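So the chains spell out like this:
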Amino acid sequence: MKNIDDRLTQVKQQISELEQKYHRQAGSVSLLAVSKRKPADMIETAITAGQLDFGENYLQEALEKISAINHANVHWHFIGPIQSNKTREIAEHFHWAHTIDRLKIAKRLSEQRPQELPPLNVCIQLNISEEESKSGIMTSELPHLAAEIDALPRLKLRGLMALPKPSEALDEQREQFRAVRHCFEDLRQRGMSLDTLSLGTSGDMEAAIAEGSTIVRIGTALFGARD
Ligand SMILES: *Cc1c(COP(=O)(O)O)cnc(C)c1O
């Protein structure tokens, strides 16, 4: 197994090659290192190698690592499902939340965001494959929810996130990400200043970058398989 430094270099290299291949501006895709179920020392190794954005899914686990690492320049992104009883700690300890799909959760995050911190960056999660069981809102509900969230004082709506159903084929993956991009463009045409498409994981990074992703959320390719 390669070490984290090498994997980080390799993933960054892949991102920059894909930016070129799909005529994206150099540096327009940023890397979110998904460190769920990985120990704090692995995160510290990645920080030493220059990685400063980390994604976590499980609140208690994340809070332990945030306090152990206690690094002022690191940005923590919450990327797991958000229940009402978790909003306060997310509002207090994270810089981003990618998985907003209900106004109630957004309102609580806005109310609970500490005054001394800048607004919490948020993305709305879309359920693009329209699977009943999945988190995320249906595209038909998006314009209304986006307008309401955009009006909340302590949140900054940055864009959209999706985690499409797994598929091996590049064109199928692209089709799902393209649908997210179309929703994003539609909101921008309505006058919202959004700049973020949080799309792509280790298995579908190429399709995501081809379709306009600005943040790829990479776990396995950096830290290895999770148990
Ligand atoms: C776990 C997770 C990832 C990372 O997936 P990998 O396949 O390990 O790269 C990305 N996004 C979300 C929402 C996740 O839960």
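Residue numbers restart at each chain and count upward from 1, following the sequence in its written direction. Residues qualify for local features only when their pLDDT is at least 70, as the model is predicted, and side-chain atom pairs are given and counted only at 80 or more; totals for whole chains, interfaces and linings, by contrast, use all residues. As a convention, hydrogens and water are excluded, and side-chain values are obtained from all of the structure's heavy atoms.

Engineer: Just checking my understanding: could you explain the overall build of the protein chain for this structure?
Structural biologist: The helix and strand tally for the protein chain stands at nine helices and eight strands. On C-alpha atoms alone, the protein chain measures out to a radius of gyration of 17 Å, which is about the 17 Å that the 2.2 N^0.38 rule sets for 227 residues. The C-alpha extent of the protein chain, read off along each of the three principal axes, is 45 × 40 × 30 Å. Here the protein chain holds 227 residues, and the buried ones make up 52% of them. Accessible surface is estimated by sampling points in the Shrake-Rupley manner with a 1.4 Å probe; for residues, cover comes only from the protein chains shown. Of the roughly 11,000 Å² that the protein chain leaves accessible, carbon and sulfur atoms contribute 47%. Here Asp and Glu are counted as negative and Lys and Arg as positive; His is not counted, and neither are the chain ends. One atom stands in for each charge, and that atom is NZ of Lys, CZ of Arg, CG of Asp or CD of Glu. Between the averaged position of the 28 positive side-chain charges in the protein chain and that of its 32 negative side-chain charges there is a distance of 2 Å. Put simply, DSSP H or I for four residues or longer makes a helix, DSSP E for two residues or longer makes a strand, and each gets a number counted from the N terminus. Using C-alpha atoms as the atom set, the radius of gyration is obtained and then compared with a globule rule of 2.2 Å times the number of residues to the power 0.38. Exposure categories follow from relative accessible area, calculated using a 1.4 Å probe and restricted to protein chains: below 20% of the type maximum is buried, above 50% is exposed, and the middle band is partly exposed.

Engineer: Mind showing me how you'd approach the pattern of salt bridges here?
Structural biologist: Salt-bridge detection follows one rule: a side-chain nitrogen of Lys or Arg within 4 Å of a carboxyl oxygen of Asp or Glu. Enumeration according to the criterion identifies nine salt bridges in this entry. In this structure, Glu-211 engages Arg-174 in a salt bridge whose closest nitrogen and oxygen atoms are separated by 2.7 Å. Of the two residues, Glu-211 sits in the loop between α8 (205–210) and β8 (215–218) while Arg-174 sits in helix α7 (residues 170–189), which places them 37 residues apart along the sequence. By relative accessible area, which is 23% here, Arg-174 ends up partly exposed. Bridged by salt links that share partners, the residues Arg-174, Arg-178, Arg-181, Glu-185 and Glu-211 form one connected network.

Engineer: So what exactly am I meant to see when it comes to the packing of aromatic side chains here?
Structural biologist: Any pair of aromatic rings gets described here by the distance separating the centres and the angle formed by the planes. Here a pair means two rings of Phe, Tyr or Trp (six-membered ring of Trp) with centres within 6.5 Å. Their orientation is stacked below 30 degrees between planes, edge-to-face above 60, and tilted elsewhere. By the definition in use, this model includes two aromatic pairs. Judged by centre distance (5.8 Å) and plane angle (35°), the rings of Phe-54 and Trp-76 are tilted. With Phe-54 in strand β2 (residues 53–56) and Trp-76 in strand β3 (residues 75–78), this pair connects stretches of sequence that are 22 residues apart. Here the two residues Phe-54 and Trp-76 agree in accessibility, since each one is buried. Measuring from centroid to centroid gives 5.4 Å for Phe-78 and Phe-94, while their planes differ by 90°, and the two rings are edge-to-face. Taken as a pair, Phe-78 in strand β3 and Phe-94 in the loop between α4 (87–93) and β4 (96–100) lie far apart in primary sequence, 16 residues in all. A residue is classified by how much of its surface remains accessible, and Phe-94, at 1% relative accessible area, is buried.

Engineer: For this particular structure, what's the right way to read unusual backbone geometry?
Structural biologist: When glycine is set aside, most residues are seen to have a negative phi, and most peptide bonds are trans. For His-23, which is not a glycine, the phi torsion comes out positive at approximately 55°. Relative to the helices and strands, His-23 is located in the loop between α1 (4–21) and β1 (30–34). In this structure, Asn-70 takes a positive phi of about 40° despite not being glycine. Mapped onto the fold, Asn-70 is located in the loop between α3 (59–69) and β3.

Engineer: Just checking my understanding: could you explain the site of the ligand for this structure?
Structural biologist: Taken together, the neighbourhood of the ligand is formed by 13 residues, with Lys-36, Asn-57, Ser-202, Thr-220 and Arg-226 sitting nearest. In the analysis that follows, any N or O atom pair within 3.5 Å is treated as a polar contact, provided that within protein one partner can donate a hydrogen and the other can accept it, and provided that, for residues neighboring in sequence, both atoms belong to side chains. A distance of 2.7 Å separates an oxygen atom of the ligand from a polar atom in the side chain of Asn-57. One of the side-chain nitrogen or oxygen atoms of Thr-220 is found 2.5 Å away from an oxygen atom of the ligand. With the chains in place, 87% of the 390 Å² that the ligand exposes on its own is no longer accessible. When the residues that make up the shell around the ligand are grouped by side-chain class, the tally is five nonpolar, five polar and three charged. Only heavy atoms are used to decide nearness, and a residue is near a molecule or strand if one of them lies within 4 Å of it. Nonpolar residues are Ala, Val, Leu, Ile, Met, Phe, Trp, Tyr, Cys and Pro. Charged residues are Asp, Glu, Lys and Arg, and all others, Gly as well, are polar.

Engineer: Can you help me understand the pairing of β2 in this one?
Structural biologist: The side chains of a regular strand alternate between the sheet's two faces. Only strands joined by at least two bridges in the DSSP assignment are considered to pair. Pairing analysis gives two bridges linking β1 to β2, with the strands arranged parallel. Following the sheet pairing, Val-34 is matched in β2 by Gly-55. Call a crossover right-handed when, viewed with both strands pointing away from you, the route from the first strand across the helix to the second goes clockwise. Assessed by its sense of winding, the connection that carries the chain from β1 through helix α2 (residues 40–48) to β2 is right-handed. Of the strand pairs in this sheet, β2 and β3 are connected by four bridges, and their pairing is parallel. When the sheet's bridge partners are listed, Gly-55 is paired in β3 with His-77. Each parallel crossover has a hand, and the one from β2 via α3 to β3 is right-handed.

Note that all results are geometric; they support no functional claim without further evidence.
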